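# Structural features, examined
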Amino acid sequence: MAESITITDNRTGDSIEIPIVNGGVSAAEWTKLLPGLWFFDAGLVSTAMCESAITYLDGEAGILRYRGYPIEQLAEKSSYLEVAYLLIHGELPTTEQYESWKHEITYHTFIHENVRKRFLEGFHYDAHPMGMLVSAVAALSTFYLDAKDIFNPESRYKQIIRLIAKMPTLAGAAHRFSVGMPFVYPDNSLDFTANFLSMMWKVAEPRFEANPVLAKALDVLFILHADHEQNCSTTAMRVVGSSHADPYSACAAASAALYGPRHGGANEAVIRMLTEIGSIENVPAFIESVKAGHGRLQGFGHRVYKSYDPRAKIIKRTADEVFEVTGKNPLLDIALKLEDIALSDEYFVSRRLYPNVDFYSGLIYQAMGFPMEMFPVLFAIPRTSGWLAHWQELLDQDSKIVRPRQLYVGAEPRDYVAMAAR
Ligand SMILES: CC(C)(COP(=O)(O)OP(=O)(O)OC[C@H]1O[C@@H](n2cnc3c(N)ncnc32)[C@H](O)[C@@H]1OP(=O)(O)O)[C@@H](O)C(=O)NCCC(=O)NCCS
């Protein structure tokens, strides 16, 4: 059977054959026959907005790969910084390349004193750390005016390094401010994740020593969250990037998209749900209420994964390692019972609803001591490398400014009526 579709314009009888490439058809082809005709596709559910060589995702089969490498192998053998290099450069680094990358990131972790003193400290005392992060990332564009030079490879690379390096510093600063603790400067003798933990938790000790199991677990979580192809925040990055805004402004937009409970806030919803259920005995009744249409089982189901989210499998293992150090999160038993019942219940099985990455990540973060407000911030730190890989790719593709069509459903033309006559 031919891998193509034929479109006939019944008004004229003209038809055109369009090849199906990678499961899709090119709008540039069908608009040759039907210029000015467009698809109504709310939420871009059936629209590929770009070509991308960064992440491969097969939701039916539960496959996720960065630059061709299976997520399972990266989570087991790599580190977040190496994965960030892979996303940005397209290849794994040699020892020399990695050392230079690590050095660059490490020596760009400091933020300008005015970002902290004049800007971050200007927030209200109970400011949400994610709101502070979104604003602080945008504010960086006013500190690095060279960032506007987006077609200068040197400048572009420098902003990529700065953003990946400064995210944990801004995140730590936002947390410390929101709980009234003094800012902790980066310790460049520590690796990426241990340094972030130091900026979160250090009190009066000369050097903060993160528990290596917890630092490793967080690093694995960073790997799992580094990219996920055209999700809402990455699309925001591409949309803003397509106007040729500087990368700090584009990253602030992507972070803002991540702030929403439908995206970066789902693991918080899981914790709230488990807390509300309260004990294992209440699980069957809760499942029944979900099946009766009262709310959803948070952390279950996914727009693209219609089998077990591969990241959820890895996270479950990581959770066990973390709980050995921190003690079991008391909500874990409820979560396990929920999963157990849901995976054998006809309602969830027939709808192909499996645990997603958020089902266990919140439990781990909570056991590590992170407040729930920090959950989206913890997501933004590693996703920055994914956003930047997409930003770089879109600039290299010389892509068009994103400007979709709309289906107008408003008023017919009418004449202005003076206020007194309305
Ligand atoms: C992620 C999510 C938004 C994907 O939604 P979607 O692909 O648009 O799927 P739909 O909303 O069309 O749901 C399809 C069916 O499954 C049901 N369903 C989907 N997710 C469900 C859940 N978590 N609990 C119970 N039922 C669910 C819907 O009620 C619907 O049933 P119906 O066909 O009888 O009406 C959805 O699964 C969800 O809300 N999950 C919980 C929130 C969450 O964990 N989000 C994090 C995603 S990483």
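As a reminder, the structure under discussion sits directly above these lines.
The sections below set out a description of the structure shown in this document. Just so it is clear, the structure is predicted and the values come from calculations on it, not from any experiment.

### Concerning the side chain of Thr 235
Tracing the chain through its elements places Thr 235 in helix 10 (residues 232–241). Since its relative accessible area comes to 19%, Thr 235 is described here as buried. Within polar-contact distance, the side chain of Thr 235 engages the backbone oxygen of Asn 231 at 2.8 Å. Each residue touching Thr 235, except ones within four places of it in the same chain, is listed here: Met 49 and Gln 230.

### Concerning the pattern of salt bridges
Within this structure, the stated rule accounts for 17 salt bridges. Salt-bridge contacts for Asp 9 lead to Arg 11; the nearest nitrogen and oxygen are separated by 2.9 Å. Classification of Asp 9 as buried rests on a relative accessible area of 8%. Arg 11 sits in the exposed class, given a relative accessible area of 66%. With a shortest N-O distance of 4.0 Å, Asp 246 and Lys 148 are connected by a salt bridge. Of this pair, Asp 246 sits in the loop between helix 10 and helix 11 (247–259) while Lys 148 sits in the loop between helix 6 (129–140) and helix 7 (153–178), and the two are 98 residues apart along the sequence. Taking the relative accessible area as the measure of exposure, Asp 246 reaches 6% and is therefore buried. One salt-bridge network, in which partners are shared between bridges, spans Glu 113, Arg 116 and Glu 121.

### Focus: the sheet that holds strand 3 (residues 55–58)
With respect to topology, three strands assemble into an open sheet ordered 3-4-5, the strand pairing being antiparallel. The strands lining the two open edges of the sheet, one partner per strand, are strand 3 and strand 5 (69–70). Two elements, strand 3 and strand 4 (residues 63–66), share four bridges in a ladder whose sense is antiparallel. Along strand 4, the bridge assignment pairs Leu 57 with Leu 64.

### A closer look at the site of the ligand
Within the structure, the ligand sits among 16 residues, and Arg 296, Leu 297, Gly 299, Phe 300 and Arg 351 are positioned closest to it. In the model, a nitrogen atom of the ligand is placed 3.2 Å from a nitrogen or oxygen of the Tyr 347 side chain. A total of 870 Å² of accessible area belongs to the ligand in isolation, and the protein chains cover 64% of it. A breakdown of the residues in the shell around the ligand according to their chemical character gives six nonpolar, five polar and five charged.

### What about a nonpolar patch on the surface?
Taken together, the side chains of Trp 38, Phe 40, Leu 407 and Val 409 define a hydrophobic patch exposed on the protein surface, amounting to about 450 Å² of accessible area. Mapped onto the fold, Trp 38 is located in the loop between helix 1 (27–33) and strand 3.

### Observations concerning the side chain of Arg 238
In this fold, Arg 238 is placed in helix 10. In this structure the side chain of Arg 238 is engaged in a polar contact, spanning 2.5 Å, whose partner is the side chain of Glu 393. With residues up to four places along the chain from it excluded, the contact list for Arg 238 reads Met 49, Cys 50, Glu 51, Ser 52, Gln 230, His 390, Glu 393, Leu 394, Gln 397 and Val 402.

### Let's talk about helix 3 (residues 80–89)
In terms of burial, helix 3 is largely enclosed, as nine of its 10 residues are buried. The set of residues buried in helix 3 consists of Tyr 80, Leu 81, Glu 82, Val 83, Ala 84, Tyr 85, Leu 86, Leu 87 and Ile 88. Count one or two residues on from helix 3 and you reach Gly 90, which has phi positive near 90°.

### Brief notes about the environment of Glu 229
Mapped onto the elements of the fold, Glu 229 is located in the loop between helix 9 (212–225) and helix 10. Among the residues examined, Glu 229 registers a relative accessible area of 25% and is labelled partly exposed. Glu 229 sits 172 residues away from Leu 57 along the chain, and the two C-alpha atoms are 7.5 Å apart. Residue contacts for Glu 229: discarding those within four places in its chain leaves Thr 55, Leu 57, Thr 234 and His 390.

### Some points on the packing of helix 12 (residues 266–277) against helix 15 (residues 332–343)
For the pair helix 12 and helix 15, the least separation of the axes is 10 Å and the interaxial angle reads 95°. With respect to their mutual orientation, helix 12 and helix 15 come out roughly perpendicular. Residue-level contacts link Met 273, Leu 274 and Ile 277 of helix 12 to Ile 334, Ala 335 and Leu 338 of helix 15. Among the residues making up the contact of helix 12 with helix 15, the classes are represented as six nonpolar, no polar and no charged.

### Notes on the state of the cysteines
Considering all chains together, one arrives at zero disulfides under this definition. The closest cysteine sulfur to the non-disulfide-bonded Cys 50 is located on Cys 232, 14 Å from its own sulfur. For Cys 50, a relative accessible area of 23% gives the class partly exposed. Judged by relative accessible area, Cys 232 falls into the partly exposed class, the value being 49%.

### Quick look at the pairing of strand 2 (residues 15–19)
Burial along strand 2 is one-sided: Ile 16 and Ile 18 are buried, and none of Ser 15, Glu 17 and Pro 19, which face the opposite way, are. Bridge analysis of strand 1 (residues 4–8) against strand 2 gives five bridges, and the strand direction is antiparallel. Residue pairing across strands places Ser 4 opposite Pro 19, the latter belonging to strand 2. Linking two consecutive strands that pair antiparallel, namely strand 1 and strand 2, is a turn of six residues; a positive phi of about 85° is found at Gly 13 within it.

### Describing unusual backbone geometry
One non-glycine residue, Glu 229, lies in positive phi territory at about 40°. Positive phi is not limited to glycine here, since Arg 352 has a value of about 55°. By the element assignment, Arg 352 lies in the loop between helix 16 (346–350) and helix 17 (358–368).

### Let's talk about the pairing of strand 3
As a general feature of sheets, a regular strand has side chains that alternate between the two faces. Across the two faces of strand 3 the burial differs, with Thr 55 and Leu 57 buried and Tyr 56 and Asp 58 not buried at all. Linking two consecutive strands that pair antiparallel, namely strand 3 and strand 4, is a turn of four residues; a positive phi of about 70° is found at Gly 62 within it.

What counts and how
Residues numbered from 1 in each chain as written. Predicted model: local features only at pLDDT ≥ 70, side-chain atom pairs only at ≥ 80, totals over all residues. Heavy atoms only, no water. Helix = DSSP H or I, 4+ residues; strand = E, 2+ residues; numbered from the N terminus. Buried < 20%, exposed > 50% of the residue type's maximum accessible area, 1.4 Å probe, protein only. Polar contact = N/O pair within 3.5 Å; in protein donor to acceptor, adjacent residues only side chain to side chain. Contact = heavy atoms within 4.5 Å. Salt bridge = Lys/Arg side-chain N within 4 Å of Asp/Glu carboxyl O. Pairing = 2+ DSSP bridges. Near = heavy atom within 4 Å. Areas by Shrake-Rupley, 256 points an atom, 1.4 Å probe, with all protein chains shown as cover. Nonpolar A, V, L, I, M, F, W, Y, C, P; charged D, E, K, R; others polar. Patch = residues over 30% accessible without salt bridge, like charges linked within 9 Å, V, L, I, M, F, W, Y side chains within 5 Å. Axes fitted to C-alpha atoms, helices over the stretch in contact; angles between N-to-C directions. Parallel < 35°, antiparallel > 145°, perpendicular 65-115°, else oblique. Disulfide = S-S within 2.5 Å.

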